[in-house]
Amino acid sequence: MSEHLELDKAAQELLFTEARTANSFSQEPVPDETLRAIWELAKWAPTAVNSNPLRVLYLRTEEAKARLVPHMDQGNQVKTSAAPVVAVLAADTEFHEHLPRLFPVIEGMREYFAGDEASRTHTADFNSALQAGYFLLAVRAAGLAAGPMAGFDRAGVDAEFFADGRHRSFLAVNIGKPGENPWFDRLPRLDYDEVVTLA
């Protein structure tokens, strides 16, 4: 079915069909310029009212990663320590402060979200998660493996890195070139007829 797609086969494999979650990483460093390029690609993902609530904290040094590792679930600690870079993804609870610049087509959006905490929280959580999916694809587009993990103490991570309470972590992503025996066996996916209904 790949002939019905605009992406060539190599790009499909890089981003989707051959991409895997790495469980070990080489020690090849990830340049800061590559980390910037990942964001410059990922930022174009659509979000409600162009809210852009995702925030990314790149942990690149051993000292920085050592602050994170104790908050990771036990099964995630070794691979997190070994990854050249770990991105902590968080939702900005005050994303609405940027809306006059990001969504000027409708006036008063900053004030609307400022006065409706439930809508603000829902928009931040849903749209930062949406952006996270594009972030993972951008990591893959850079020729790197991504290891997304939700298994960590969010309150502990937030206290460690986001003490002012504005950002709420929800995902950690190990980033780098795959190391020795990095993959589990390929797991199945649901087929088209199991997922899609045509009306």
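Residues numbered from 1 in each chain as written. Predicted model: local features only at pLDDT ≥ 70, side-chain atom pairs only at ≥ 80, totals over all residues. Heavy atoms only, no water.

## Points about the overall build of the protein
Counting secondary structure elements, the protein contains nine helices and four strands. Counting helices and strands in the order they occur from the N terminus, the protein gives α-α-β-α-α-β-α-α-α-β-α-β-α. What you see for the protein is a C-alpha radius of gyration of 18 Å, in line with the 16 Å of a compact globule of 199 residues. Across the 199 residues in the protein, those meeting the buried criterion constitute 39%. Counting contacts in the protein only where the partners sit at least 6 residues apart, residues at least 24 apart contribute 78% of the total. In the form shown here, the protein has an accessible surface area of approximately 11,800 Å², with 56% of it arising from carbon and sulfur atoms. Counting 19 positive and 29 negative side-chain charges, the protein places the averaged centre of each group 3 Å from the other. (Helix = DSSP H or I, 4+ residues; strand = E, 2+ residues; numbered from the N terminus. Rg over C-alpha atoms; globule rule 2.2 N^0.38 Å. Buried < 20%, exposed > 50% of the residue type's maximum accessible area, 1.4 Å probe, protein only. Contact = heavy atoms within 4.5 Å. Areas by Shrake-Rupley, 256 points an atom, 1.4 Å probe, with all protein chains shown as cover. Lys, Arg positive; Asp, Glu negative; His and termini not counted. Charge placed at Lys NZ, Arg CZ, Asp CG, Glu CD.)

## Overview of the pairing of strand β4 (residues 167-176)
For β4, the buried fraction is high: eight of the 10 residues fall into the buried class. Pairing of strand β2 (residues 85-92) with β4 involves eight bridges; the strand directions are antiparallel. Note on β4: the bridge partner recorded for A91 is R168. Across five bridges, the pairing between strand β3 (residues 145-149) and β4 is antiparallel. In the strand pairing of β4, G147 is matched with N174. (Pairing = 2+ DSSP bridges.)

## Things to note about the pattern of salt bridges
Where side chains of opposite charge bring their charged atoms close, a pairing between them can arise. Under the criterion given, the structure shown has 10 salt bridges. The salt bridge partner of K43 is E40, with a shortest N-O separation of 2.6 Å. Taking relative accessible area as the criterion, E40 reaches 33% and is therefore assigned partly exposed. Linking R67 and E160 is a salt bridge whose minimum nitrogen-to-oxygen distance equals 2.7 Å. Taken together, the residues R67 in helix α3 (residues 62-68) and E160 in helix α8 (residues 154-161) connect sequence positions 93 residues apart. (Salt bridge = Lys/Arg side-chain N within 4 Å of Asp/Glu carboxyl O.)

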